[in-house]
Amino acid sequence: MPTTITRIQKTRLGRFSLYGEEGFLFSLDSETYFSCEVEEGDTLTDGDLADLRGKSDARKAKDKALQYLSLRLYGERELYDKLCLKFDGPTSAAAVAEMVRLELLDDARFAAQKAAWLKTRHKSRREAQRQLAEKGVDRDLIDEALDEVYGDGDEREEIDRLIQRSYAAKLENGRRDAVYAALCRRGFAPRTVREALNDWADAQPE
C-alpha cells in the first residue's frame, strides 16, 4: 500500500525523521536522505520504503562499526555479533565486509594482539586459545598467533614462574587451595598445577 510522506523533521543527531499519515515511519541518515531526494508529499510504495530504510541502516551500521573499531581491535565474528544486536544479519555482514575492504579488520592481527595481551595477564596458552576461539577466530590463525606469542614455552615453567613471582607468600601462609584455584582460572591444566604445587611444597625447608 503506498504511503505519503506528510512530514520530514531533522533530529538533534542530524538524521531526518519521516512521517506518514499514521505517524512516525523511520529516520534516515543525511547521506541517504540527500542522495535519494525524499520530499514531503512524495508517495512511496512499501518497496521504496524498504529500500530507503535498508540504505540508511547500511550506512548506520558502517558508522557504528567504525565507532567500535575506534575504541579497540575486533575480530570479524566478534564485530558481526555486536552489530547484530542493533541491525539484521545481512546489514551487519555488509558492514563487516566493508571494514575488511578498508583494511580496518584483520583477524590475524587481532589474534596476535589479543594473544600478546593475554600473555601479559599471565593467561595460559590453553586459555588464550579458548578466548580467541570464543571470538570466532579461525583455528589456523589462532595457532599461528599462539606460536608467535607463546613459542614452545612449557606450561609447567610458566606455572613455576607465577608461583615464585605472585603466589609464594600465599602458599607460605597455607592458602594452597586459593592458589590452585587462581592458577586454574588462568587456564592451566589442573593436573599440572597440582604437580607444581606439590613440587613447591617438597622444596620448602622443614
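As the structure is a prediction and not an experimental result, all values here were calculated from the model. (Residues numbered from 1 in each chain as written. Predicted model: local features only at pLDDT ≥ 70, side-chain atom pairs only at ≥ 80, totals over all residues. Heavy atoms only, no water.)

**As for helix α6 (residues 125-134)**
- Glu127, Ala128, Gln131 and Leu132 are the residues of α6 that are buried. Within α6, the buried residues cover an arc of 130° as seen down the axis, which keeps them to one side.
- Residues of α6 that are buried in the fold lie against α5 (107-120), α7 (139-150) and α9 (176-185).
- Gly136 sits one or two positions beyond α6 and adopts a positive phi of about 85°. (Buried < 20%, exposed > 50% of the residue type's maximum accessible area, 1.4 Å probe, protein only. Helix = DSSP H or I, 4+ residues; strand = E, 2+ residues; numbered from the N terminus. Arc of directions from axis to C-beta. Contact = heavy atoms within 4.5 Å.)

**Things to note about the sheet that holds strand β4 (residues 23-28)**
- The three strands are arranged β2-β3-β4 in an open sheet whose pairing can be described as antiparallel. In this open sheet, the two edge strands, each paired with only one partner strand, are β2 (7-10) and β4. Strand-to-strand, the axes of this sheet are offset by a mean angle of 25°, without reference to chain direction.
- Of the strand pairs in this sheet, β2 and strand β3 (residues 16-20) are connected by four bridges, and their pairing is antiparallel. (Pairing = 2+ DSSP bridges. Axes fitted to C-alpha atoms, helices over the stretch in contact; angles between N-to-C directions.)

**Observations concerning the packing of α9 against helix α10 (residues 190-203)**
- Running from N to C, α9 and α10 point in directions that differ by 140°, and their axes come no closer than 10 Å. Classified by the interaxial angle, the pair formed by α9 and α10 is oblique. Crossing handedness for the pair α9 and α10: right-handed. Contacts between α9 and α10 pair Arg176, Val179, Tyr180, Leu183 and Cys184 from the former with Pro190, Val193, Arg194, Leu197 and Asn198 from the latter.
- Per-class residue counts for the contact of α9 with α10 are seven nonpolar, one polar and two charged. (Parallel < 35°, antiparallel > 145°, perpendicular 65-115°, else oblique. Left-handed = near helix turned anticlockwise from the far one by under 90°. Nonpolar A, V, L, I, M, F, W, Y, C, P; charged D, E, K, R; others polar.)

Everything listed is a geometric property; what it means functionally is a separate question.
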